[in-house]
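# A look at the structure
One-letter residues, chain by chain:
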Amino acid sequence: MSNNNNNNTFQSVNSGTTSSSSVSKDDIIRGLNEDLAREYKAIIQYVVFSATLKGPEYGDIAEQLKTHASEELSHALEVARQIDYLGGEPTVKGEDAETSEDSKTMLEIDLRAEQDTIMNYRERIRQAEMAGEFALSEKLRQIITDEQDHEIDLKDALGIK
Ligand SMILES: [Fe+2]
Ligand SMILES: [Fe+2]
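Heads up: these notes are all about the structure in this document.

What counts as what
Residues numbered from 1 in each chain as written. Chains lettered and ligands numbered in written order. Predicted model: local features only at pLDDT ≥ 70, side-chain atom pairs only at ≥ 80, totals over all residues. Helix = DSSP H or I, 4+ residues; strand = E, 2+ residues; numbered from the N terminus. Buried ≥ 20, exposed ≤ 12 C-beta atoms within 10 Å, placed from the backbone. Contact = placed C-beta atoms within 7 Å. Axes fitted to C-alpha atoms, helices over the stretch in contact; angles between N-to-C directions. Parallel < 35°, antiparallel > 145°, perpendicular 65-115°, else oblique. Left-handed = near helix turned anticlockwise from the far one by under 90°. Nonpolar A, V, L, I, M, F, W, Y, C, P; charged D, E, K, R; others polar. Expected span 1.5 Å × (residues − 1).

Let us look at the overall build of the protein. Within the protein, the regular secondary structure consists of four helices and zero strands. Secondary structure elements in the protein, listed N-terminal to C-terminal, are α-α-α-α. Taken across its 161 residues, the protein has 26% of its residues classed as buried. Of all intrachain contacts in the protein linking residues separated by at least 6 positions in sequence, the fraction that spans at least 24 positions is 76%.

What follows is the structure in structure tokens.
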């Protein structure tokens, strides 16, 4: 893999969505603040949807959404702590929450959000590792495990394999 002359350890071999060849602390802080804004949005959606989801077929998932809400709060707390640790300022602005009056649409909104979140945390883990921030990447791996469980819960409720 390292058979070229450039020995930059931060260099990305196959960078996916990271286009620059190196990752700075500022890049990571910026990315984590976007992650934090997505966590705020997730908390709002899960709080509202767990209360407003209608239909006997959605009884189990309505309960699960409450658990998701608490877990998203833990993620927000952890991400904010990591931003502070890196010398950044945790954002006070969430991404705009989406809503719907239709229960199935609520679950589809949540599923899309989880998939977007997972993609972004994967990218953040790559960045953290490129920058040698291994404690951070370890924390993010724990968070992504929860997000994957959320995705599975939503897919099950929607009858998607
Ligand atoms: Fe989360
Ligand atoms: Fe989640």
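Now, onward.
So, about the packing of helix 1 (residues 25–52) against helix 3 (residues 103–130). One way to put it is that helix 1 packs onto helix 3 with a least axis distance of 10 Å and a crossing angle of 160°. One way to sum up the angle between helix 1 and helix 3 is to call them roughly antiparallel. Helix 3 is crossed by helix 1, and the crossing has left-handed handedness. On the side of helix 1, the interface is formed by Asp27, Ile28, Gly31, Leu32, Glu34, Asp35, Arg38, Ala42, Gln45 and Phe49, while helix 3 contributes Met106, Ile109, Asp110, Ala113, Thr117, Asn120, Tyr121, Arg124, Gln127 and Ala128.

Summarising the element assignment, Asp102 is placed in the loop between helix 2 (59–85) and helix 3. Sequence-wise, Asp102 and Phe49 are 53 residues apart; in three dimensions their C-alpha atoms are separated by 10.0 Å.

Where helix 3 contacts helix 4 (residues 134–158), the axes come no closer than 9 Å and their chain directions differ by 160°. Comparing their axes, helix 4 and helix 3 come out roughly antiparallel. Where helix 3 crosses over helix 4, the two elements pack in a sense that is left-handed. Of the residues assigned to the contact of helix 3 with helix 4, the class counts are 14 nonpolar, five polar and nine charged.

Let's shift gears to the environment of Met119. Considering the arrangement of structural elements, one finds Met119 in helix 3. Put simply, Met119 and Ile144 are 25 residues apart on the chain and 9.3 Å apart in space, counted from C-alpha to C-alpha.

A separate point is helix 1. An ideal rise of 1.5 Å per residue puts 40 Å on 28 residues; helix 1 measures up with 40 Å between its terminal C-alpha atoms. Along helix 1, the residues that are buried comprise Ile28, Leu32, Asp35, Leu36, Arg38, Glu39, Tyr40, Ala42, Ile43, Gln45, Tyr46 and Phe49. Of the surrounding elements, those touching the buried residues of helix 1 are helix 2 and helix 3.

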